[in-house]
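Topology and contacts: notes
Residues per chain, in single letters:
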Amino acid sequence: FAPVGRRLAQLGGAVAGAREHVGALYQVNPHYVVLCTMDGRVVEANPAFYAVTGLAPEAVRGGPVEALDGAFPVGPLMELAERSLAEGASIGGVEY
């Protein structure tokens, strides 16, 4: 079992490294990004989003996407994501 354990440890390290890399890109992205669940809850937004909208993180995190309608209407993007999921297709070239 030792080789399997070593391989799992390697993979865990790779995932952690990728998570840190994506997290850093998320934080420094000059475009605003909002991460939502498929059931319409806001998970997080990046600093650019908060700077542009003037919303506070505690007013956004965990709330419904409809709460963003005045600053950033997510509804059309949620519909696109739902259709993409149903069709098994990717989303690309979306101008917002």
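First things first, this report covers the structure right here in the doc.

Reading guide: rules and limits
- Residues numbered from 1 in each chain as written.
- Predicted model: local features only at pLDDT ≥ 70, side-chain atom pairs only at ≥ 80, totals over all residues.
- Heavy atoms only, no water.
- Patch = residues over 30% accessible without salt bridge, like charges linked within 9 Å, V, L, I, M, F, W, Y side chains within 5 Å.
- Areas by Shrake-Rupley, 256 points an atom, 1.4 Å probe, with all protein chains shown as cover.
- Salt bridge = Lys/Arg side-chain N within 4 Å of Asp/Glu carboxyl O.
- Helix = DSSP H or I, 4+ residues; strand = E, 2+ residues; numbered from the N terminus.
- Buried < 20%, exposed > 50% of the residue type's maximum accessible area, 1.4 Å probe, protein only.
- Phe/Tyr/Trp six-rings, centres within 6.5 Å; stacked < 30°, edge-to-face > 60°.

Let's talk about a nonpolar patch on the surface
On the surface, a cluster of nonpolar side chains totalling about 280 Å² of accessible area is made up of Val4, Leu8 and Leu11. Considering the arrangement of structural elements, one finds leucine 11 in helix H1 (residues 2–28). Its relative accessible area of 39% is what places leucine 11 among the partly exposed residues.

Considerations on the environment of alanine 67
Mapped onto the elements of the fold, alanine 67 is located in the loop between helix H3 (57–60) and helix H4 (75–87). Its relative accessible area of 52% is what places alanine 67 among the exposed residues. For the pair alanine 67 and leucine 85, spaced 18 residues apart in the sequence, the C-alpha separation amounts to 23 Å.

Digging into the pattern of salt bridges
Applying the stated criterion to the full structure yields one salt bridge. In this structure, glutamate 44 and arginine 61 form a salt bridge, with 2.9 Å as the shortest nitrogen-oxygen distance. Here glutamate 44, found in strand S2 (residues 42–45), pairs with arginine 61, found in the loop between H3 and H4; they are 17 residues apart in sequence, far enough to count as distant.

Regarding the packing of aromatic side chains
This structure, assessed with the given rule, holds four aromatic pairs. Here phenylalanine 49 and tyrosine 50 contribute two aromatic rings whose centre-to-centre distance is 5.5 Å and whose plane-to-plane angle is 80°, an arrangement assigned as edge-to-face. What makes phenylalanine 49 buried here is its relative accessible area of 0%. Judged by its relative accessible area of 12%, tyrosine 50 falls in the buried class. Here phenylalanine 49 and phenylalanine 72 contribute two aromatic rings whose centre-to-centre distance is 5.8 Å and whose plane-to-plane angle is 85°, an arrangement assigned as edge-to-face. Residue phenylalanine 49 is located in helix H2 (residues 47–53), and its partner phenylalanine 72 is located in the loop between H3 and H4; the two are separated by 23 residues in the primary sequence.

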